[in-house]
Amino acid sequence: MGNLSTPISVQKLQMALHAKAKAEAGYRFYALYDKIYREDVLAHAYAQCRSNRGAPGVDRQDFAEVEAYGVQKWLGELALALRKETYRPDPIRRVFIPKANGKLRPLGISTLRDRVCMTAAMLVLEPIFEADLPPEQYAYRPGRNAQQAVIEVEERLHRGQTDVVDADLADYFGSIPHADLMLSLARRIVDRRVLHLIRMWLECSVEETDHRGRKKRTTEARDSRRGIPQGSPISPLLANLYMRRFVLGWKKLGLERSLGSRIVTYADEHGKAEADGQRGENANLQGAGRRFRLPGLHVWADVLGDDWPGPYGHASVEEEYPAHGREDSRADRFVDDVARYHGVGGQVEPHAARLGELLQGRDGQPRVSGA
């Protein structure tokens, strides 16, 4: 977030929270809400939002207007609203930005007031949940980036792990179920006011403007009980927290060990699982397919054989398997249509399964605890 240095007082708070979370994996934090409206935390949150610039939200208020009004006065009023618990977020202004493939990506623009509040919450919560995130996750984390994820994949290719599955999560942010996400938050956070604050942000209404300039507000997130707004300061942390369920599930269900695989994830764009499968071996995830139904999963299986030229002397075969919105009887079957046979250098099964709402079994009960 810009080149701003974190104030010493905020650093001390973050270090204390992180140290406590790291030292006690089962510790639950009871008193965090008052940290969010601390003067130094809000001031740093405003400075971070200011350095990121950003367009105005539905109220059209920008930084120039705030600074003309008086930043300290404006932050003081926000702190008072939080302290009295009268704070309510404004609707999110939705715009659409073009993607490389020609499609449009929805982007939610919160008001400046809400962005500062979310950033303050992120400053307090991130050190806690950072202690829990597994090393397989590279996105939106201090000191980690996409280049490091690529380097890990490259290193494993050189070690001989040449079966690669590249999974792209379609509409990941928009399909995260609120109930499961709140359970993941409550695993560490007991402060009901913090949980209520996050739930309000999750259930914000959305305002769109059509080509005629007419505004329309919808409550799709609250009605469907799923989705986190892309573009809000706290969304990356929430997305990482939900993705953690998948990484833990992969390990606790024994898939990492039984498949000789390694998950490498970066945001919602791709999660890479590398399997040290032997040529001619029929290793697959069919038995696990029904346990993993992550909403909106599409899988691109890059199967690297031994005979054809390509990166590192291997062939690359790419296929797409849509796995979103399926409600037919195949949901209860092994996923033969996902883990398919590929005749590249013999029998090579891409480890591609219909990964699903993590930790949820056919009976609706969690398969893995502690996520």
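The structure displayed is predicted, hence computed values, not measured ones.

## Regarding the overall build of the protein
Summing up its helical and strand segments, the protein has 13 helices and 11 strands in all. In the protein, which comprises 371 residues, the share counted as buried stands at 50%. When contacts within the protein are restricted to residue pairs at least 6 apart in sequence, those whose partners lie at least 24 apart make up 73%. A total of about 17,800 Å² of accessible surface is found on the protein, and carbon and sulfur atoms cover 49% of it.

## As for the pattern of salt bridges
Scanning the entire structure with this criterion turns up 19 salt bridges. For Glu 203, the salt bridge goes to Arg 199, with nearest N and O atoms at 3.6 Å. In this structure Glu 203 comes out as partly exposed when scored by relative accessible area, which is 27%. In this structure, Glu 207 and Arg 217 form a salt bridge, with 2.8 Å as the shortest nitrogen-oxygen distance. Taken together, the residues span a long stretch of sequence, with Glu 207 in strand 4 (residues 206-209) and Arg 217 in strand 5 (residues 215-218) at a distance of 10 residues. One network of salt bridges, with partners in common, ties together Glu 136, Glu 152, Arg 156, Lys 251 and Arg 262.

## Regarding the packing of aromatic side chains
Under the defined criterion, the tally for this structure stands at 7 aromatic pairs. Of note, Lys 20 hangs over the ring of Tyr 27, and the distance from its end group to the ring centre comes to 4.6 Å. Between the NZ or CZ atom of Arg 144 and the centre of the ring of Tyr 138, over which it lies, the distance is 4.7 Å.

## Brief notes about the packing of helix 1 (residues 8-23) against helix 6 (residues 112-130)
Axis separation between helix 1 and helix 6 bottoms out at 7 Å; the angle between their running directions is 30°. Here helix 1 lies roughly parallel to helix 6, going by the angle between them. Like other packed secondary-structure pairs, helix 1 and helix 6 cross with a definite hand, here right-handed. Facing helix 1, whose interface residues are Leu 13, Gln 14, Leu 17, His 18 and Ala 21, helix 6 presents Leu 123, Val 124, Pro 127, Ile 128 and Glu 130. Class assignment for the residues of the contact of helix 1 with helix 6 results in 7 nonpolar, 2 polar and 1 charged.

## Some remarks on the confidence of the model for the protein
When pLDDT is averaged along the protein, the result is 75; 71% of the residues meet or exceed 70. Note that pLDDT drops below 50 for residues 269-369; the model gives that stretch 262 contacts with residues more than four away or on any other chain.

## Observations concerning the pairing of strand 5
Note that strand 4 and strand 5 share 4 bridges and pair antiparallel. Bridge pairing links Glu 207 to Arg 217 in strand 5. From the end of strand 4 to the start of strand 5, which pair antiparallel, there are 5 residues, and Gly 213 there has a positive phi angle of about 85°.

## Details of helix 7 (residues 146-158)
For helix 7, built from 13 residues, the straight-helix expectation of 18 Å at 1.5 Å per residue is met to within 8% by its first-to-last C-alpha distance of 19 Å. For helix 7, the set of buried residues is Ala 149, Glu 152, Val 153, Arg 156 and Leu 157. Buried residues of helix 7, seen end-on, are gathered within an arc of 140° and therefore sit on one face of the element. Away from its buried face by more than 90 degrees, helix 7 exposes Gln 147, Val 150 and His 158. Immediately beyond the C-terminal end of helix 7, within one or two residues, lies Gly 160, with a positive phi of roughly 105°.

Criteria and cut-off values
Residues numbered from 1 in each chain as written. Predicted model: local features only at pLDDT ≥ 70, side-chain atom pairs only at ≥ 80, totals over all residues. Heavy atoms only, no water. Helix = DSSP H or I, 4+ residues; strand = E, 2+ residues; numbered from the N terminus. Buried < 20%, exposed > 50% of the residue type's maximum accessible area, 1.4 Å probe, protein only. Contact = heavy atoms within 4.5 Å. Areas by Shrake-Rupley, 256 points an atom, 1.4 Å probe, with all protein chains shown as cover. Salt bridge = Lys/Arg side-chain N within 4 Å of Asp/Glu carboxyl O. Phe/Tyr/Trp six-rings, centres within 6.5 Å; stacked < 30°, edge-to-face > 60°. Lys NZ or Arg CZ within 6 Å of the ring centre and 35° of its normal. Axes fitted to C-alpha atoms, helices over the stretch in contact; angles between N-to-C directions. Parallel < 35°, antiparallel > 145°, perpendicular 65-115°, else oblique. Left-handed = near helix turned anticlockwise from the far one by under 90°. Nonpolar A, V, L, I, M, F, W, Y, C, P; charged D, E, K, R; others polar. pLDDT = per-residue confidence, 0-100. Pairing = 2+ DSSP bridges. Expected span 1.5 Å × (residues − 1). Arc of directions from axis to C-beta.

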